[in-house]
Amino acid sequence: MFQATLESVASFDGVGAHSGKLCSVSISPAAKNAGIVFSNGEHTVEARFDNVSETTLCTALSLGDGADISTIEHLSAALYGLGITNALIETKDPEIPILDGSALPFVQKFLSVGIKKQSSRMKMLKVLVPIKVQEGEKWISLSPANSFSINIKCDFTSKGLETRETSFDFSENDFTKEIALARTFGFFSDAEFLRKNNLAKGASLDNCVVFDDVGRPINKEGLRLPNEPVRHKILDVIGDLSLTRCNIVGRFDGFCPSHRINNRLLHALFEKDTNYEITQ
Ligand SMILES: [Zn+2]
């Protein structure tokens, strides 16, 4: 498989989920082997797991000097999902716009500007030994396999939703049809907590599926596809695992994953050279 970049610039404007402020971002083509790089005009940072500065409700990268870029995970998932390995992401804002809460607007725009294959091969990361991280009842693992697959189970019973499980065998085509469109979700019972703690100020029914106390979506349009919340967790995992800067060859399993535990798993994976092999 070969590296790829965009044919031309793709730009997005919209509210930031956490700040509630209008944010803009532009994604430009980059040379082969450049990787995914974020810039705020003063500082640049590689989209890499060990540059992650914050994992509360989203994944944020540190640009140095205290500046962060938050909510990179859906954009990162869209890039990984379409095989775009090289791009320069420029924003002067502290957050990537949430758009409709999914990766679909990014995917659609990238497909419309065009994706250009480059002459170098992608880096492949093969998981060599099982790695598991646990936090209370939550756990996630990566194990050796011949392709990239994700299986996630989520327990939402305390929120009125049944326990749900979804598996996904990664392919670019299925990513667009089954995962990219799954939106961010939340629970009406948490709204007061978020408001009091000054969190998710930009969240609305335009960018979030909100479930009531008995697990029904209060959004008029309902769900986009069955198991949309678990599919969104898969989207978040793809975005977070893209910070390996490699294509993953391994199986991800998880019970109630979060951005925090996803990042801990990557630190555990890269702790020992014998845990993985990178080929190009
Ligand atoms: Zn998400």
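Residues numbered from 1 in each chain as written. Predicted model: local features only at pLDDT ≥ 70, side-chain atom pairs only at ≥ 80, totals over all residues. Heavy atoms only, no water.

1. Side note on the sheet that holds strand β20 (residues 276-279)
Argument step 1. Taken together, 3 strands build an open sheet; the order of strands is β18-β11-β20 and the sheet is mixed. With partners counted over all chains shown, the strands left at the sheet margins are β18 (247-249) and β20, one partner each. Adjacent strand axes in the sheet meet at a mean angle of 25° when their direction is disregarded.
Argument step 2. Two strands pair when backbone bridges link them, and strand β11 (residues 124-127) and β18 are joined in this way by 3 bridges, in the parallel orientation. Bridge pairing in β18 links K126 to V249. (Pairing = 2+ DSSP bridges. Helix = DSSP H or I, 4+ residues; strand = E, 2+ residues; numbered from the N terminus. Axes fitted to C-alpha atoms, helices over the stretch in contact; angles between N-to-C directions.)

2. Remarks on the domain arrangement of the protein chain
Argument step 1. Partitioning the protein chain into domains gives domain 1 (2-121) and domain 2 (124-279).
Argument step 2. When each unit is reduced to the centre of its C-alpha atoms, the spacing between domain 1 and domain 2 is 18 Å.
Argument step 3. If you look at the interface, domain 1 gives 37 residues, while domain 2 gives 37 residues.
Argument step 4. Roughly 2800 Å² is buried in total at the junction of domain 1 and domain 2, and carbon and sulfur atoms are behind 62% of that figure.
Argument step 5. The tally of links between domain 1 and domain 2 comes to 2 salt bridges.
Argument step 6. One salt bridge connects R245 with E46, and the closest N-O pair in it is separated by 3.5 Å. (Domains from an automatic or database assignment. Contact = heavy atoms within 4.5 Å. Buried area = accessible area lost by both parts, 1.4 Å probe. Salt bridge = Lys/Arg side-chain N within 4 Å of Asp/Glu carboxyl O.)

3. Some remarks on the sheet that holds strand β7 (residues 60-64)
Argument step 1. The 3 strands lie next to each other as β6-β7-β8, forming an open sheet whose pairing is antiparallel. Both outer strands of the open sheet, β6 (52-54) and β8 (67-69), are each paired with one neighbouring strand and no more. On average, adjacent strands in this sheet sit at an angle of 50° to one another, irrespective of strand direction.
Argument step 2. Bridge analysis of β7 against β8 gives 3 bridges, and the strand direction is antiparallel. By the bridge assignment, G64 is partnered in β8 with A67.

4. Some points on the coordination of the zinc ion
Argument step 1. At this site the zinc ion is bound by H74 (NE2), H232 (NE2), D236 (OD) and D236 (OD), with donor distances of 2.1 to 2.7 Å.
Argument step 2. Metal-centred angles of 52 to 148° between the 4 donor atoms at the zinc ion mark the site as irregular.
Argument step 3. Each donor residue of the zinc ion belongs to the same chain, and together they define the spacing H-x157-H-x3-D. On the criterion of sequence distance, the pair formed by H74 in helix α1 (residues 73-81) and D236 in helix α5 (residues 228-241) is long-range, its members being 162 residues apart. Take H74 and D236: they sit in the same class, and that class is buried. (Donors = N, O, S within 2.8 Å, 3.2 Å for Na, K, Ca; no water. Tetrahedral: all angles 85-135°; square planar, octahedral: opposite > 155°, others 65-115°. Buried < 20%, exposed > 50% of the residue type's maximum accessible area, 1.4 Å probe, protein only.)

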